[in-house]
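Overview (structure and organization)
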Amino acid sequence: MSLFLIVICFTIVSPFLNSQSDTAEYNTEDVLDDLLQETQDTDEESGIYDVLEDLILNPVDINKADISQLQRIPYIDYVRAELIVNHRKKYGVFYSVQELFSVENLSNEIVGKILPFVTLTINTSELSFDEDGAWDSFAIVPGIKMRNRVTTDLQNRKGFSDGGFEGSKYKIYNRILLNGKGKYQIGVLTEKDAGEKPIDEFDSYHLTINEIGPIENFIAGDFLLENGQGLVLWSPYGLSKGSDAVYPIKKIPKIIKAYTSATENNFFRGTAAKINWNDFTFVPFFSKNKLDANIEDGFITSTPVDGLHRTEGEINRRKTLTETSYGSILRYNLDSRNNISALYYRSSYSSVFLPDNVYDISGNKFDYYSVSYDLYFGNLNVSGEAAYNSISVATINNFQFAFTRDFIFITSIRNYPRNYFSLHGFALAERSGTIQNEFAIYNGFRWKSPIGILNFYYDQFKFPYSLFNTPLPSGGNEILADLTSSLSRSVEGKARYKYEKKDISINDGQNRNVGEQLKQNYRMEVIYTATKKFRLRTRFEYNTFLIKGSQGESGFLFFEDLKYSFTGLADISARIIFFKTDSFNSALYEYENDLTGVMYNPALFGEGLRWYLVGRIKPFKIFTISFKYSETYKPNEKKLSSGNSEIDGNVDNRFSLQLDLNF
């Protein structure tokens, strides 16, 4: 169906539809779009989206949250958090989240972006939550959120045509959440990837109960733990370096939270509680979970985390390893914004890790200890963590200083020894959360200048010992400058330059050695917001790639993007992308709008065209239907992808359909 016909259909239907709109969904997409522009993770993923959706389901209470808790909200650094707290101290509690617009020096643009993630204090007298009271909270009628999604390729991949995959090509996702006004939540999730057989090939479930006397949170089922700066415990996904030079660098832990993602690795299955007593917070936990592993003669040779079980080999490794973990976190709150924490936990495994080298993980019992801190001295905020894995100590320390409310500078120093390894950590690192064999210094600032908001960072990193694919010590550095400027009331311009130089492994046919790789990226973008309902976006991006001593490569990308909202009842977004690069080395990435709960960031390389259409219609307040059709066309190719994913032809197209019910 052409775009024109779809627009006509929606225009006819829209006057008969309910007038409610779900701005949270759309704002979340915009927030993700801002925060994830720099990522080069190409997997179709929901984990990072779930971080924000968890905030929507359990928003931060602006009448209760301290400065540290407010910083869990995207775009809220400690300077902006302090503005909100100072307003509350001066004028009393907020009576509406819209009152945030009256907070002095907090821009309307920022308030508009954070509204889906905040709430107000619940009047406990309305909840008949008596002193004994844990179970009375279940008398609250829960809100119900159901999500069902089906995704399929429209062409066959080799794994389906030759019988390499045992299941169908449909990817099926189902989730139901019952949320009792933040007092409790029950969640069940099932997922089947394309090529897998059972519809519940992966399942996850949880029960959370909040505010039972001194117990702030209790979780049974699947959960995550976050502490300090992620050296020991963190979600298996998280924001890293990006176009915002300040916000993603310092981590703000929630400590425990229910697991609501379909990412099949690094979560805990058991029970945990967050208990407050005077100025102390105590978090005990226990978990026993089954993991995927390749095991030979009782030794673990690898632990794949892709969660795919399509072929005989992938099915044979499914849940072959048992991990048992227990431990506790103790936090001392010096006041409403200063705190220090100590952590201990042990993980043991039913088989023994077989190391590849002297610095690799070995054994089957691992003990971790860490101390972390978050302290404020006037306009200076220092935060960090030191962790000990019974072999060596890893550290990360952040220094954040607000020269003025418009200029914030941050330095982060990370030192990860060669024999430190983290089983459940995800800290700031050059290699996507890999906390080992790295020393680096990150410097960045965000400046609200007269010509716009300028984000800049310089990150210099070294790997003192050889890596898996680099035979000698190596290193590199990275620079990003990003300027966002309002050209008029309806036009916003963005300019970005990124420089990345690093040592890589080079094979000259006889020996492996280390050579210098240089990538540079230039981006210009214009966003035209004609009305609140209609937005156009144009981007041109140019990439260069050079390995010293060889011929350089380059590539470019151009896209036109539109988004239109039909009286808040339905919206449609579309994008067409033209791209041409010399090879995968100069690939370009463009984070795409997708169905709610999905993020997609394809790597575009070679020569071709990609386009997609995302539609969402809300015929009733409780009911949303959405779809996405995407197509990548490479005219000069006869086959696309490789292995079991190979497509016989030059078109790769996919269709997704989703139903959301919110009672």
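Residues numbered from 1 in each chain as written. Predicted model: local features only at pLDDT ≥ 70, side-chain atom pairs only at ≥ 80, totals over all residues. Heavy atoms only, no water.

**Section: the overall build of the protein chain**
Secondary structure summary: the protein chain contains eight helices and 33 strands in total. Sorting the 663 residues of the protein chain into buried and exposed places 51% on the buried side. Taking the intrachain contacts of the protein chain between residues at least 6 apart in sequence as the baseline, contacts between residues at least 24 apart amount to 58%. Taken as a whole, the protein chain presents about 29,400 Å² of accessible surface, with 57% of it coming from carbon and sulfur. (Helix = DSSP H or I, 4+ residues; strand = E, 2+ residues; numbered from the N terminus. Buried < 20%, exposed > 50% of the residue type's maximum accessible area, 1.4 Å probe, protein only. Contact = heavy atoms within 4.5 Å. Areas by Shrake-Rupley, 256 points an atom, 1.4 Å probe, with all protein chains shown as cover.)

**Examining a nonpolar patch on the surface**
On the surface, W277, F280, F282, L330, Y332, L334 and I340 cluster together into a nonpolar patch covering about 670 Å² of accessible area. Elements supplying a minimum of two residues to the nonpolar patch: β10 (280-291) and β13 (321-333). The topology assignment puts W277 in strand β9 (residues 268-277). (Patch = residues over 30% accessible without salt bridge, like charges linked within 9 Å, V, L, I, M, F, W, Y side chains within 5 Å. Salt bridge = Lys/Arg side-chain N within 4 Å of Asp/Glu carboxyl O.)

**Here we look at helix α5 (residues 78-91)**
Between its first and last C-alpha, α5 extends 20 Å over 14 residues, near the 20 Å set by a 1.5 Å rise per residue. When we look at burial in α5, the residues that qualify are Y78, V79, R80, A81, L83, I84, V85, H87 and R88. For α5, the side-chain oxygen to backbone nitrogen distance between the N-cap and V79 is 3.0 Å, and the N-cap itself is D77. Looking one or two residues beyond α5, the residue adopting positive phi is G92, at roughly 90 degrees. (Expected span 1.5 Å × (residues − 1). Polar contact = N/O pair within 3.5 Å; in protein donor to acceptor, adjacent residues only side chain to side chain.)

**Concerning the pattern of salt bridges**
Under the counting rule described, the total for this entry stands at 36 salt bridges. Among the ionic pairs, D374 bridges to K250, the shortest N-O distance being 3.1 Å. Linking D374 in strand β15 (residues 363-377) with K250 in the loop between β7 (215-225) and β8 (256-258), this pair joins segments that are 124 residues apart in sequence. As far as burial versus exposure is concerned, D374 and K250 are alike and both buried.

**A short note on the environment of E323**
Structurally, the position occupied by E323 is in strand β13. Placed 35 residues apart in sequence, E323 and K288 show a C-alpha to C-alpha distance of 5.7 Å. In contact with E323, other than residues within four places in its own chain, are S287, K288, N289, L291, S347, S348, Y349 and H424. Side-chain polar atoms of E323 contact the side chain of Y349, separated by 2.6 Å.

**Remarks on unusual backbone geometry**
In this model, N437 sits at a positive phi of 55 degrees, which is unusual for a non-glycine residue. Along the polypeptide, N437 turns up in the loop between β18 (407-416) and β19 (438-449). A relative accessible area of 6% means that N437 is categorised as buried. Backbone geometry at S641 places phi at a positive 60 degrees, although glycine is not the residue there.

**A closer look at the pairing of β13**
Examined bridge by bridge, β10 and β13 share twelve bridges and lie antiparallel to one another. In the sheet register, F282 faces β13, and the bridge partner there is L330. Bridge analysis of β13 against strand β14 (residues 339-353) gives eleven bridges, and the strand direction is antiparallel. Each residue of the ladder has a partner; that of I329, found in β14, is L343. From the end of β13 to the start of β14, which pair antiparallel, there are five residues. (Pairing = 2+ DSSP bridges.)

**A short note on the packing of aromatic side chains**
Per the stated rule, a full pass over the model turns up 33 aromatic pairs. On the basis of an interplanar angle of 70 degrees and a centroid distance of 5.9 Å, the ring pair of F353 and F366 is categorised as edge-to-face. Of this pair, F353 sits in strand β14 while F366 sits in strand β15, and the two are 13 residues apart along the sequence. According to the relative accessible area criterion, F366 is buried, its value standing at 5%. Taking the centre distance of 5.6 Å and the plane angle of 65 degrees together, the rings of F403 and F407 count as edge-to-face. Under the relative-accessibility criterion, F403 is labelled exposed at 51%. Its relative accessible area of 23% is what places F407 among the partly exposed residues. Every member of this aromatic cluster is reached through a ring pair, and the members are F223, F268, F285, Y345, Y368 and Y420. One cation-aromatic arrangement involves R418 over Y465; the distance from NZ or CZ to the ring centre is 4.6 Å. (Phe/Tyr/Trp six-rings, centres within 6.5 Å; stacked < 30°, edge-to-face > 60°. Lys NZ or Arg CZ within 6 Å of the ring centre and 35° of its normal.)

**Digging into the pairing of strand β4 (residues 170-179)**
Consecutive residues of a regular strand have side chains that alternate between opposite faces of the sheet. Sheet topology note: the strand β3 (residues 143-153)/β4 ladder contains ten bridges and is antiparallel. Considered in β4, the bridge of V150 is made with I172. Two strands pair when backbone bridges link them, and β4 and strand β5 (residues 184-192) are joined in this way by eight bridges, in the antiparallel orientation. Bridging across to β5, I176 finds its partner in V188. Between the end of β4 and the start of β5, which pair antiparallel, lie four residues, with K181 showing a positive phi angle near 50 degrees.

**Re the confidence of the model for the protein chain**
Looking at the protein chain as a whole, the pLDDT averages 85, with 89% of positions reaching at least 70. Here residues 1-24 is modelled with pLDDT under 50, and outside its nearest four sequence neighbours on either side it reaches 35 contacts, counting other chains as well. Note that residues 124-133 has pLDDT below 50 and, in this model, twelve contacts with residues that lie over four places away or in other chains. (pLDDT = per-residue confidence, 0-100.)

**Structural notes on the side chain of N477**
Note on placement: N477 falls in strand β21 (residues 474-486). Of the residues examined, N477 reaches a relative accessible area of 12% and is grouped as buried. Setting aside its immediate chain neighbours within four residues, N477 contacts Y458, D459, Q460, F461, Y499, E500 and K501.

**Topic: the nonpolar core**
Residues L70, L100, L231, V232 and L233 are the most contacted members of the largest nonpolar core, which totals 70 residues. In terms of residues, this core owes the most to one element, α5, which gives six residues. Counting eight residues, the second-largest nonpolar core is a separate cluster that includes Y237, Y259, A262 and F267. (Core = buried A, V, L, I, M, F, W, Y, C linked by side-chain atoms within 4.5 Å.)

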